[in-house]
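Structure at a glance
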Amino acid sequence: MAAQDHQHDNHRFGLKDHWCCLAAMTLVSLSTFQYGLDFGIISGLQAMVPFLQVFGYFDSNLGPAGGWNISSERQQLISSLMTLGAFLTSATAGFTAMFMGRRASLWTACVLCVVATIIMQTTSSIAALYVARVVIGLANGLLLTYSQLWILECAPAKYRGLGISAFQIWTAIGTLVGALVDNFSNKYNATSNAAYIVPLGIVYIVPGIIAIGLFFLPESPRWLLTRGPAGTEPARAAIRWLRPAGWDVDAELVEMKTAYETELNLETGVAFWDLFANPVDRRRTLFSVGALLCQASCGSMYMLAFGTYFFLIAGVGDPFEDTVILISVAVLSSVLNSFVVMRYGFRRTMLTTGFVLCGICQLIMAAVWHAKPFTVSGGNTVVAMSVMYLFFYGGCIATYGWLAAGEMPSQRLRSHTFGLAVAVSFLFSWVTIFTAPYFINPSELNWGPRYGYIWFGSCFVTAVWLFLCFPETKDRTLEEIDEMFHARVPGRKFKAYQCVGATLGSTTGKHEHESTAESSVVEKRGVVEEKGLEDTTA
C-alpha cells in the first residue's frame, strides 16, 4: 500500500509544475520539424524549373509548348532514398542503444543533417544527390526514433500523449515551412538555382538548436537503469531534474527499477530475436509495429511526398499555394489535437475513427476524378478531399500511431521493438513513395487522384483490425502496461482492467519508505507474473 500511497500525492502536481520537463520535451520534439521540413522542401523542389533543369529533362509532350519534367526513376529515388536511410538507422536502434544513449544518438543525427545539406546545396550530380538523400535519411531515422524514446521514457504518464502530440505539430509545421519557403523561393528565384538552394539552407537551423539544447538535458532515466548498478544514481539525478520540487523521486526510481529487474528475471535476453521469443514479447512487438504501420497504411506518405507534383499534373489551381493550404490544415489539426489528447485521446478509438474518415476521403477523391478528370469541379473536389484527409490524418492517426507504438514495448526491449516498428514503417513508406510515381506520373499509369481507390481498401482493412484487436493504453504508466501484457489481458479489455501493481500517478496516498515500496511492488507483480506463466502452461 505504501508504494501506491505516494502516487496520488505525485498526481497533485499540475501542468505548470512540470514546466521543466515539458520544456525539455518541446526541445526534443523539435527533431520531427526536420523530418517534416524535408518532406515539404523535396515535394516542392520536384516542381521547380531550375531544379528540373539540373536533374530533369525537357518534355515536349508536357502541355502545348512542352515543359520541364523529371523521370519517374529519379523521382522515386530522390524521395525514397531518404526513407531507406531512415529505415537503416531505425532497424539498428536496438543495437546502437547498447552503447549509445538517447542524447548521443540525437547529436549524431544533427551532424549528419548538416553533412547531407551541404552536399545537396553544392552538387549538380545526381549520384551525389542520391548519397545526400541517404545520409539525411540516416539522420531522420535517428531523430525520429531516439527523440520519441526519450520523451516516452521521461514524461509523466498523463503528459506522455501531450509530448508525442508535439511531434506531429512540429512535423506539420516543418512541412508547412518547407512548402512556404519553396513557394516564395520559386516566385522570386524562378530562373536561378537559388530557387532550390535557398530552401535547403533552412535545414541547418533546427539541428543547431537541438545540438546546443541537449547539453542542458539529462539522459533518459529508464535507459540509464539498463546500464546496471552504475546507472542508478544518474537515473535518480535525471528524475530529480525532470520532476517538480516535492516529487517522490525515490519512489518513481523504485517503480522503474523493479519493473525492469522483474522483466530480466522472467526473460534475460536482450537481443533482436527476443522480440519474438515468447508470446508476451511477440504480441507487444506486433502491436508496436502495427501501430506505426498505420502511418503508411492510410496513404499519407504519397500525399505528403508528392502533394505539389500531384496538384501540378492534375491541373488544380496553383500547386504551390494549394500545398500550403493543405499543410496549413494539417498544422491546425495537430494543434487542436494537443488540446484533446490528454482528456479524450483514447488510442484505439481515435485511430479507428481516423481510418474510417480518411478512407472515405480517398474514395470520394478517386471516384470524382474517375468520373470528371481534368475538370474544374473534379479539381476542386480533389483539393477539398485532400484538405479534409490531412485534417483527419493529423487529428486522429499521426499522433496516436506513434504514441501507441512507443507505449507497447517493454523497457528491456524498447529500443529493439520501437526501432523495428519505425524501420518497418519506413520500409512500407519507402514502398509507397517508390511506387507512387508509377500510378500518378503522366508518363506511366497516369491514375492521378484515382490512386485513392487503393488506399480506401487499405484504410478499411486497418480500421477493422484496430477495432477488433488494438489495446487501449491511455493514462497508463509504462509499468502498468507491462503488467497488463504479462497478465495476457485481451486488447479490448485494457481500458477497464484494474492493475494490482504500483501505478505512478493513478492512485492515492503518500510514499513513506523506499524499501517498503520495493517489496510491495515485487509482491504484487509476482501475482501477475505467476498468472501469466500459468496461462502459458495451460
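On a predicted model such as this, the values are computed, not experimentally measured, just so you know. (Residues numbered from 1 in each chain as written. Predicted model: local features only at pLDDT ≥ 70, side-chain atom pairs only at ≥ 80, totals over all residues. Heavy atoms only, no water.)

When its secondary structure is counted, the chain shows 24 helices and 2 strands. Here the chain holds 538 residues, and 61% of them are scored as buried. When contacts within the chain are restricted to residue pairs at least 6 apart in sequence, long-range pairs at least 24 apart make up 80% of them. Here the chain displays about 19,800 Å² of accessible surface, and carbon together with sulfur accounts for 68% of that area. (Helix = DSSP H or I, 4+ residues; strand = E, 2+ residues; numbered from the N terminus. Buried < 20%, exposed > 50% of the residue type's maximum accessible area, 1.4 Å probe, protein only. Contact = heavy atoms within 4.5 Å. Areas by Shrake-Rupley, 256 points an atom, 1.4 Å probe, with all protein chains shown as cover.)

All chains considered together, the criterion is met by 17 aromatic pairs. On the numbers, 6.0 Å between centres and 85° between planes, the contact of Y451 with W455 is edge-to-face. Each member of the pair, Y451 as well as W455, carries the same accessibility label: buried. Joined through ring pairs, the aromatic side chains of F287, W465, F470, F485 and F494 make up one cluster. Across the ring face of W247, the terminal group of R243 is positioned such that the distance to the ring centre comes to 5.6 Å. (Phe/Tyr/Trp six-rings, centres within 6.5 Å; stacked < 30°, edge-to-face > 60°. Lys NZ or Arg CZ within 6 Å of the ring centre and 35° of its normal.)

Attention now goes to helix α8 (residues 126-154). Its 29 residues give α8 an end-to-end C-alpha distance of 42 Å, which sits within 8% of 42 Å, the value for a rise of 1.5 Å per residue. The element α8 is extensively covered by neighbouring structure, given that 24 of its 29 residues are classed as buried. (Expected span 1.5 Å × (residues − 1).)

Moving on, we come to the pattern of salt bridges. Using the criterion set out here, one finds 12 salt bridges in the structure. The salt bridge partner of D38 is R133, with a shortest N-O separation of 2.8 Å. One end of the pair, D38, is in helix α3 (residues 31-45); the other, R133, is in helix α8, and 95 residues separate them in sequence. Close ionic contact of R222 with E479 constitutes a salt bridge, the shortest N to O distance being 3.2 Å. Separated by 257 residues along the polypeptide, R222 in helix α12 (residues 221-225) and E479 in helix α23 (residues 478-486) bring together distant segments of the chain. Just as R222 is buried, E479 falls in that class too. Three or more residues joined by partner-sharing salt bridges are found here, namely R160, R347 and E407. (Salt bridge = Lys/Arg side-chain N within 4 Å of Asp/Glu carboxyl O.)

Nothing here speaks to function; it is geometry throughout.
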